[in-house]
Amino acid sequence: MPLLTIEDVSVSYGKVDAVRSVSLQVEEGQIVTVIGPNGAGKTTLMLATIGLLRSFGRMTFMGEDLSRLSVEDRIEKGLCLVPEKRELFAEMSVRDNLLLGAYTRYNRATINNELEAVYERFPRLKQRHKQDAGTLSGGERQMLALGRALMTKPKLLVLDEPSLGLAPLIVREIFHTVASLRELGVSVLLVEQNARAALETADVGYVLETGEIVQSGEASSLIHDPRLMAAYLGGH
Ligand code: ATP
């Protein structure tokens, strides 16, 4: 049984059909990417998946119908979004931002273990645990957003453009971290404009254009597709 199933899902903003009849699946342990240009509907699809936008069609998570579950219920079940703007609390410390990720857990010992695990994965966050989140670099902020999401013990992380605004070297580091989530048993649905980095990291890719999936397949074959290369991969 797939972890996440999206079947014939559509989302509209009034008369604008931003996502049209999209179907995709994420299997357990997989990294699945949705690539596509500006305005293709990537963010809209992610927001619908975690329940922040109303959608039509069918979505299931671990076999359960998502339409009945609130955003909170979805988080509780292990479906967690890292939003494009990262939504950190700028005037709170790194540590307090991380602790907020664990607000659904009450046991102090568990929270401390999670915190230590996140610090182990992101040593730079440990070094800076007292620093205000607003003073972090772009890459560090993305790490904090990822770390905070991991504090919820997710089964599926939905990442909206983690490479946005970051320098190439930092992008590589972030994607390396995303790939390493497999070891934690965390599956990933990764939305990206940076098609090359996303396809290098993912197992499976879907191409979204003006709200519709126009192509899909193994990431390793999509990255060699001439049409995609010309459109999104800078022809290299
Ligand atoms: P980007 O990579 O630029 O973030 P995207 O693929 O995430 O783009 P969306 O943000 O999902 O695209 O937008 C899809 C379409 O829906 C666009 O045409 C956008 O203008 C439109 N749209 C997004 N949000 C709203 C809204 N709140 N009201 C009306 N239209 C919207």
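Calculation rules
Residues numbered from 1 in each chain as written. Predicted model: local features only at pLDDT ≥ 70, side-chain atom pairs only at ≥ 80, totals over all residues. Heavy atoms only, no water. Helix = DSSP H or I, 4+ residues; strand = E, 2+ residues; numbered from the N terminus. Rg over C-alpha atoms; globule rule 2.2 N^0.38 Å. Buried < 20%, exposed > 50% of the residue type's maximum accessible area, 1.4 Å probe, protein only. Contact = heavy atoms within 4.5 Å. Areas by Shrake-Rupley, 256 points an atom, 1.4 Å probe, with all protein chains shown as cover. Lys, Arg positive; Asp, Glu negative; His and termini not counted. Charge placed at Lys NZ, Arg CZ, Asp CG, Glu CD. Pairing = 2+ DSSP bridges. Axes fitted to C-alpha atoms, helices over the stretch in contact; angles between N-to-C directions. Near = heavy atom within 4 Å. Polar contact = N/O pair within 3.5 Å; in protein donor to acceptor, adjacent residues only side chain to side chain. Nonpolar A, V, L, I, M, F, W, Y, C, P; charged D, E, K, R; others polar.

The next subject is the overall build of the chain. Looking only at helices and strands, the chain features ten helices and ten strands. Taking 18 Å as the expected radius of gyration for a compact globule of 236 residues, we find that the chain reaches 17 Å, a close match to that expectation. Taking the principal axes of the C-alpha coordinates as reference, the chain spans close to 45 × 45 × 35 Å. A buried classification covers 49% of the 236 residues belonging to the chain. The contacts in the chain between residues at least 6 apart in sequence include a share of 66% that link residues at least 24 apart. Of the accessible surface of the chain, which amounts to about 11400 Å², a share of 50% is contributed by carbon and sulfur atoms. Computed over 26 positive and 30 negative side-chain charges, the inter-centroid distance for the chain is 4 Å.

What follows deals with the pairing of strand β10 (residues 212-218). Pairing of strand β9 (residues 204-209) with β10 involves six bridges; the strand directions are antiparallel. Bridge assignment links V207 to a residue of β10, and that residue is Q215. Two successive antiparallel strands, β9 and β10, enclose a turn made up of two residues, where T210 displays a positive phi of approximately 35°.

Here the focus is the sheet that holds strand β5 (residues 64-65). The antiparallel open sheet is built from four strands, whose spatial order is β2-β1-β4-β5. With one partner strand each, in any of the chains shown, β2 (16-26) and β5 form the two edges of the open sheet. As judged from the two bridges shared by strand β4 (residues 56-61) and β5, these two strands associate in the antiparallel manner. When the sheet's bridge partners are listed, T60 is paired in β5 with D65. Relative to strand β1 (residues 4-13), helix α1 (residues 42-49) is tilted by about 115°, and along the sheet it contacts β1, β2 and β4.

Moving on, we get to the site of the ligand. Neighbouring the ligand are 13 residues; N38, G39, K42, T43 and T44 lie closest to it. Here an oxygen atom of the ligand and a side-chain polar atom of T43 are 2.7 Å apart. Between the ligand and T44, the relevant distance is 2.5 Å, taken from an oxygen atom to a side-chain nitrogen or oxygen of the residue. Among the elements that line the shell around the ligand, the one with the most residues is α1, at three residues. Taken together, the residues of the shell around the ligand break down into four nonpolar, six polar and three charged.

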